[in-house]
Amino acid sequence: MRNSVLVSVWLYTLVAVLAEVYTSQNVSNGLTAAAAIIAFALSQAAAVVIFYMDIKDEPGSVLLMVLVPVMFLAGLLISVVASLG
Amino acid sequence: MDAASWLRRWITTTNHKDVGLLYLFTSLYFGMAGGALALLMRVQLSVPNNNFLSALYYDQAVTMHGLIMILWFLSPLAIAFFNYLVPLQIGAKDLAFPRLNALSYWLFLSGGILAITSFFVPGGSAASGWTTYQPLSSPTFQPGPGPTLVYVGLLLLAVSVTLGSVNIITTILWMRTKGMGFSKLPMFTWFALFTTGAMLYAFPTLIAAFVLNVSDRLLGTAFFTSPAVLSIPGIDPSILWDNLFWFFGHPEVYIVLLPAFGVIANIIPSFTGRPLSGRNWIIISTALVVLPLSFGVWMHHMFLTGIPLSLQESFDVSTEAISIPFGIIVISFILSLVRGRIQFKTPFLFALGAVVLFIIGGIMGVFLSSPVLDRQFNGSYFVVSHFHYVMVGATIFGLIAAIYYWLPRMTGRMYKESLGRVHFVISFIGFNVLYGPMSLLSDMPRRVFTYPNTGDLSIVNQIATLGSFIFVFVQVLLAYNVVHTWFRGPPAGPNPWGSSDLEWTTDAAERTPTVTSETPPVGGWIGQLAASTPAPTPGAAQVSSHGEFHHTSVRPFTLTLGITIFFLGAPFYPSASGLAAMIVGAAVVLYTMLSWARDDLGEKFSVPDEGEERYPFSALPKVKLGMWIFLSSEVILFGSLFAAYLFLRESVAGWPIASSIHDIPLGTANTFILLTSGFTMAMAVLSIRNGKQRDMLLWLATTFVLGSVFMGVKISEWSNLASGGFTITSSNPMYQLAGSAYYLLVGLHGAHVVAGLVIMLYLMKKTISGAYTKESHGAIENFGLYWAFVDIVWCFIFPLFYLL
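Residues numbered from 1 in each chain as written. Chains lettered and ligands numbered in written order. Predicted model: local features only at pLDDT ≥ 70, side-chain atom pairs only at ≥ 80, totals over all residues.

Enquirer: Explain the overall build of chain B to me, using residue names and the numbers behind them.
Expert: Helix and strand counts for chain B stand at 28 helices and 2 strands. Here chain B has a C-alpha radius of gyration of 27 Å; the compact-globule value for 804 residues is 28 Å, and the two agree. Referenced to the eigenvectors of the C-alpha coordinate spread, the extents of chain B come out at roughly 75 × 70 × 50 Å. Buried positions account for 53% of the 804 residues belonging to chain B. Look at the contacts in chain B between residues 6 or more apart in sequence, and 83% of them connect residues 24 or more apart. (Helix = DSSP H or I, 4+ residues; strand = E, 2+ residues; numbered from the N terminus. Rg over C-alpha atoms; globule rule 2.2 N^0.38 Å. Buried ≥ 20, exposed ≤ 12 C-beta atoms within 10 Å, placed from the backbone. Contact = placed C-beta atoms within 7 Å.)

Pasting the structure below:
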């Protein structure tokens, strides 16, 4: 891992925050704005997991360990909201 | 051994066998307490219109019977065997994190003490059913300190189980002896891995649910029954509770059941003289049950709540699907019996009984997967019969089989076989007399304290009550057999069942010299239990002549003592005694944490890494693997709270606009600060990897400063919000609700930040003393993971609360 990579990730996370703020204040379609903001948040999280937490250098089984709860969580989130009808 | 030494030994032990014995006897005690409550209920129901118990006391008995039996008896009984046997079966000298293991036990005991204490405070215990449904478990319908003690106890128990899961999973994945690949892993250890895997992802949801519940009760948040919030059109927080509780609750069924299946799979070969049939199929099927399926069926508990039909159909299919892997497992068991030469010893009889009872209960469960039939059966004694056949019959019979099977391993002595067989026959009869008739009572509502004298309700209930007395009191035979074996049993020999598993073939040298019928008791009956492992010497880990680690620490006990005192006082706040208890408890916690850190700085407690089979985690240090496992459970914890937030937000129209509440530029700036601290922490890790200790210290200090600034800004932000009327007690119901969600989630994240800051102080202190080098800096790597996770959580909190 090089310094420049970490600096790039840091800058990206900051830019993504600005993009989220810009989207929330300038995109009038609520659903589109929400989708875009969540996408930015997911990309930030992915960048942190890949580069700060170095999951790219860990065994594939660690990636699986991370993905399993994320998968359960996705099921929970979708079903909980869907249970509203 | 004098009384003081005896007490010190058990309070300070971190040895896996000792902790296993503590779990074993404590869970059996809770089992007796839960069984006594069951007898009270059965006496009440033995005749129509009975007034032996009032409605309130009956409800409390029902509630605490369910909670104690499921959470403080069945699961911990399995954990007792995990503790004692898993390291032996995989050839490890202890669990991966011995102090964490002791802490898990004390938290489990603390939670149980809080729950039992609830009976002795004004108003009595919780009476909302073991599901603690909202709004029944809210302060509106369950006022008083008693229910709060129970729910706080549940919270501590859930934390205990989550920490225990991290420990056992890390042990199995990382500490296997040479040659102990997954293909050779004993079946009980396989099932321990599956069970703790399910615990790891299920219990954080329970933590999230009870964080909301206890927060309503102690902090006054408005998630469930604030009158103002309930006046908001469209809101129904009870559905939120159902979702969170059953996302935990249904996997919990398998968490309770699977250890018993592990016992059965482990001991069948010993009594049939043949390898288990379809071993790989059993493993694959159980993996299917644990990973995708057990977490995908919870809504079948909510068919009557009005959830959309499409969801009901989906969960109908997933619930029926889960019967397929269980069918494969049971068929494999049966095939193993058909092909073997069976010895009808007591452990085998109980294992066989467990399979039979599971088949009966499992078939009843298939009916309940249908939304149509569920409408008929739900809330009736048919359901009571079903889940007792599965959770009580299969599980208790399986775990009793474990007690008989491994008793010779624990004591070096053999139990009375004839008495064991009598115990099995009467237990099997008593169980079926108790729960069989209940399956006929599909028109009698459960959880109701009495019933009218109509039809044949009376006679069926009387038969069930008779069965309950038979089933409960015959357990005296088990107690007698265990105690007799421990003190008077004849020598069992090193491997009485002819098993090829490692626990029978290792450290026989430890047991054999102590195994004579003449061995006198040491310091009373439990003192003799202590003799199963040599007395440890305080201080650093020592290796005994047979290669087992012995180490002690009083910190897990004192930390839990402080937590217990704090939470015993919290429900009585703001009374002076309540406040005093909270202050004393907090002081004990603080002192213990400082002492714990001092122990580590002085390296007073260290356990050497061991284990040679680590595939597929060979490249990962032990603590780092543990950290990854822990963080994966944190994903579920925060995710469950996000799910709760989204549910509440989507269920009402007119949620407050974020920009009208929050200072967006300030929130954005604070987000920059936290994200920058994530960067500086990554730089700290990179620096020490390159051997630059001074740079690492600077980056770490910068991270500390940024984290502190983040918290400072956060506190000033909360102050501004509160002065602007955005509080959990606002007259605006929307503000109450939004405020509750905001302060709780951001507060929990803040608690993680504060914990991180404290750890950073410790790391900086160690760095200054030169503890970390290019070659040895695991703590920095592990903290880097934690701090990055804190960053990730904020990546979602910021947009959800400040922008959307």
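Enquirer: Give a detailed account of the overall build of chain A, specifying residues and quantitative values.
Expert: Tallying secondary structure elements over chain A gives 3 helices and 0 strands in all. The order of helices and strands in chain A, counted from the N terminus, is α-α-α. For chain A, whose C-alpha radius of gyration is 16 Å, the value lies well above the compact-globule estimate of 12 Å for 85 residues. In terms of overall dimensions, chain A has C-alpha extents of about 45 × 30 × 10 Å along its principal axes. A total of 85 residues make up chain A; the buried ones form 34% of that total.

Enquirer: Go over the domain arrangement of chain B with me, naming the residues and quoting the values.
Expert: Segmenting chain B into domains produces domain 1 (9-235 + 617-653), domain 2 (250-511) and domain 3 (557-616 + 658-803). Placing a centre on the C-alpha atoms of domain 2 of chain B and another on those of domain 3 of chain B gives a separation of 42 Å. (Domains from an automatic or database assignment.)

Enquirer: Could you give an account of the interface of chain A and chain B, naming the residues involved and the relevant values?
Expert: How large an interface is tends to be reported as the accessible area lost when its parts come together. On the side of chain B, 47 residues touch chain A, which itself brings 40 residues to the contact. Secondary-structure elements contributing two or more residues to the side of chain A that touches chain B are α1 (3-26), α2 (30-52) and α3 (60-82) of chain A. Considering each element in turn, the side of chain A that touches chain B owes the most residues, 16 residues, to α3(A). Residues of the side of chain A that touches chain B, tallied by class, amount to 29 nonpolar, 9 polar and 2 charged. (Nonpolar A, V, L, I, M, F, W, Y, C, P; charged D, E, K, R; others polar.)

Enquirer: Can you explain the domain arrangement of chain A? Please cite residues and give values.
Expert: Along its sequence, chain A is organised into domain 1 (1-53) and domain 2 (58-85). Distance from the C-alpha centre of domain 1 of chain A to the C-alpha centre of domain 2 of chain A: 20 Å.

Enquirer: Help me get a handle on the environment of B:Ser380, residues and values and all.
Expert: Residue and element names in this part refer to chain B. Along the chain, serine 380 turns up in the loop between α13 (371-377) and α14 (381-411). Taking C-alpha positions, serine 380 is 4.4 Å from proline 445, a pair spaced 65 residues apart along the chain. Discounting residues that sit within four places of it in the chain, serine 380 has contacts with Leu441, Ser442, Asp443, Met444, Pro445 and Arg446.

Enquirer: Tell me what's going on with the environment of B:His777, and back it up with residues and numbers.
Expert: All names here are of chain B. Turning to its location among the elements, histidine 777 is positioned in the loop between α27 (733-768) and α28 (778-803). Histidine 777 sits in the buried class, given 22 other C-beta atoms within 10 Å. When the C-alpha positions of histidine 777 and proline 87 are compared, they lie 27 Å apart, and in sequence the two are 690 residues distant. Non-local contacts of histidine 777, meaning those with residues more than four positions away in its chain, are made with Ile688 and Tyr772.

Enquirer: Would you mind going over the packing of helix α21 (residues 555-569) of chain B against helix α22 (residues 576-601) of chain B in detail, with residue names and values included?
Expert: Residues and elements named next belong to chain B. Two numbers describe how α21 lies on α22: the axes approach to 7 Å, and their chain directions differ by 160 degrees. Here α21 is positioned roughly antiparallel relative to α22, judged by the angle of their axes. In this structure, α21 crosses over α22, and the sense of that crossing is left-handed. Grouping the amino acids of the contact of α21 with α22 by side-chain chemistry returns 15 nonpolar, 7 polar and 2 charged. (Axes fitted to C-alpha atoms, helices over the stretch in contact; angles between N-to-C directions. Parallel < 35°, antiparallel > 145°, perpendicular 65-115°, else oblique. Left-handed = near helix turned anticlockwise from the far one by under 90°.)

Enquirer: Mind laying out unusual backbone geometry, listing which residues take part and the relevant values?
Expert: A negative phi angle is the norm for most residues apart from glycine, just as the trans form is the norm for most peptide bonds. B:Pro135 follows B:Gln134 through a cis peptide bond whose omega is 5 degrees. The residue after B:Tyr615, namely B:Pro616, is reached through a cis peptide bond having omega 5 degrees. Inspection of the secondary structure puts B:Pro616 in the loop between α22 and α23 (622-651). Positive phi outside glycine occurs at A:Asp54, with the angle close to 60 degrees. Along the chain, A:Asp54 falls in the loop between α2 and α3. Backbone geometry places B:Thr132, a non-glycine residue, at a positive phi of 45 degrees. Looking at the secondary structure, you find B:Thr132 in the loop between α4 (98-117) and α5 (145-174).

Enquirer: Would you mind going over the nonpolar core in detail, with residue names and values included?
Expert: Residues and elements named next belong to chain B. Formed by 267 residues in total, the largest nonpolar core has its most connected members in Ile264, Ala351, Ala354 and Ala401. Residue contributions to this core peak at 23 residues, all from helix α3 (residues 55-90). Beyond its immediate chain neighbours, meaning those up to four positions away, alanine 351 contacts Val263, Ile264, Ile267, Ile268, Gly398 and Ala401. (Core = buried A, V, L, I, M, F, W, Y, C linked by C-beta atoms within 7 Å.)

Enquirer: Describe the packing of helix α9 (residues 279-293) of chain B against helix α11 (residues 323-339) of chain B, and please don't skip the residues or the numbers.
Expert: All names here are of chain B. At a minimum axis separation of 8 Å, α9 and α11 run at an interaxial angle of 155 degrees. Compared by their axis directions, α9 and α11 come out roughly antiparallel. Judged by the twist between their axes, the crossing of α9 over α11 is left-handed. Where α9 abuts α11, its residues Trp281, Ile282, Ser285, Thr286, Leu288 and Val289 lie against Pro325, Phe326, Ile328, Ile329 and Ser332. A class-by-class count of the residues in the contact of α9 with α11 yields 8 nonpolar, 3 polar and no charged.

Enquirer: Please provide a residue-by-residue account of the environment of B:Gly626, values included.
Expert: Residues and elements named next belong to chain B. Position of glycine 626 relative to the elements: it lies in helix α23. Residues glycine 626 and glycine 412, spaced 214 residues apart in sequence, show a C-alpha to C-alpha distance of 34 Å. Beyond its immediate sequence surroundings of up to four residues, glycine 626 is in contact with Ala96, Phe97, Val166 and Thr170.

Enquirer: Residue-level account of α23(B), with values.
Expert: For α23(B), spanning 30 residues, the distance from its first C-alpha to its last is 44 Å, which sits close to the expected 44 Å at 1.5 Å a residue. With respect to burial, α23(B) is a largely interior element, 25 of its 30 residues being buried. (Expected span 1.5 Å × (residues − 1).)

Enquirer: I'd like to hear about the confidence of the model for chain B, residue by residue, with values.
Expert: Residues and elements named next belong to chain B. With 94% of its residues at a pLDDT of at least 70, chain B reaches an overall mean of 91. Every residue in residues 508-541 scores below 50 in pLDDT, and together they form 61 contacts with partners more than four places removed in sequence or on other chains. Note on the complex model: pTM 0.93, ipTM 0.98. (pLDDT = per-residue confidence, 0-100.)

Enquirer: Residue-level account of helix α25 (residues 664-689) of chain B, with values.
Expert: The end-to-end C-alpha distance of α25(B) is 38 Å, a good match for the 38 Å that 26 residues give at a rise of 1.5 Å each. Remark: B:Gly691 follows α25(B) within two positions and exhibits a positive phi of approximately 80 degrees.

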